[in-house]
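Working through the structure, step by step
Letter by letter, the chains look like this.
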Amino acid sequence: GRVPMQRKRGATDPRTAKRVTTSVVLDSNIYDLLAVDGPTVELILAQISERRLQIIVPRTVAEELWLSTFKGIPMFFPTEFTGNTVGRVGLMTCIDSIGAGETFDAHIGSSRKVNDALIADAADWRAQWLVSQDARLLSRMTKVTMRCEALSNDKFRSRVGMLT
């Protein structure tokens, strides 16, 4: 017969675990705002602990944060790392997914803002919300997808407070 798999001590049984209701990708510029906004960080922490919110960090955001004064992903709250989602030579690493990149192609247009397009594609693939202070990124995201909603930081703060 089959030997039952053992779970680590304290691991959640996936059959009974409450699903996360909202997944979010934060653009790297949002971490700058959160560094000086303790109340919002506390609200995010509370929603994460209630499994109402999940913060996803795509590889491109992690790389931008590494190059910033943070020198990595800030430890404000738990996050889930994900590779990028565009399967293209010259853009992929071994941790990325092999995605078609439809959102990447639609987002980049003629701008050549590769990082924004990679973040948009990962958010569209993995999250319900993409949060940024970059008006161009938000505007383009709104035009190229209906799966992931583009939010400013102010709208995000308001929405996080209303999650139930």
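Above: the structure in question.
Basis of the calculations
Residues numbered from 1 in each chain as written. Predicted model: local features only at pLDDT ≥ 70, side-chain atom pairs only at ≥ 80, totals over all residues. Heavy atoms only, no water. Salt bridge = Lys/Arg side-chain N within 4 Å of Asp/Glu carboxyl O. Helix = DSSP H or I, 4+ residues; strand = E, 2+ residues; numbered from the N terminus. Buried < 20%, exposed > 50% of the residue type's maximum accessible area, 1.4 Å probe, protein only. Expected span 1.5 Å × (residues − 1). Arc of directions from axis to C-beta.

To continue, consider the pattern of salt bridges. The tally for this structure, following the rule as stated, stands at six salt bridges. Arg126 is the salt-bridge partner of Glu80, the closest N and O atoms lying 2.7 Å from each other. In this pair, Glu80 sits in strand S3 (residues 80–82) while Arg126 sits in helix H5 (residues 114–126), placing the two residues 46 residues apart along the sequence. The exposure class of Arg126 is partly exposed, given its relative accessible area of 26%.

Time to look at helix H2 (residues 38–49). Counted at 1.5 Å a residue, the expected span for H2 with its twelve residues is 16 Å, and the 16 Å between its end C-alpha atoms agrees. Considered for burial, the residues of H2 that qualify are Thr40, Val41, Ile44, Gln47 and Ile48. Angular distribution of buried residues about the axis of H2 spans 125°; they occupy a single face of the element. With respect to the buried face of H2, the exposed residues turned more than 90 degrees away are Pro39, Glu42 and Ser49. In the segment just after H2, Arg51 is the residue with positive phi, at about 60°.

Purely geometric stuff here, so don't read any function into it on its own.
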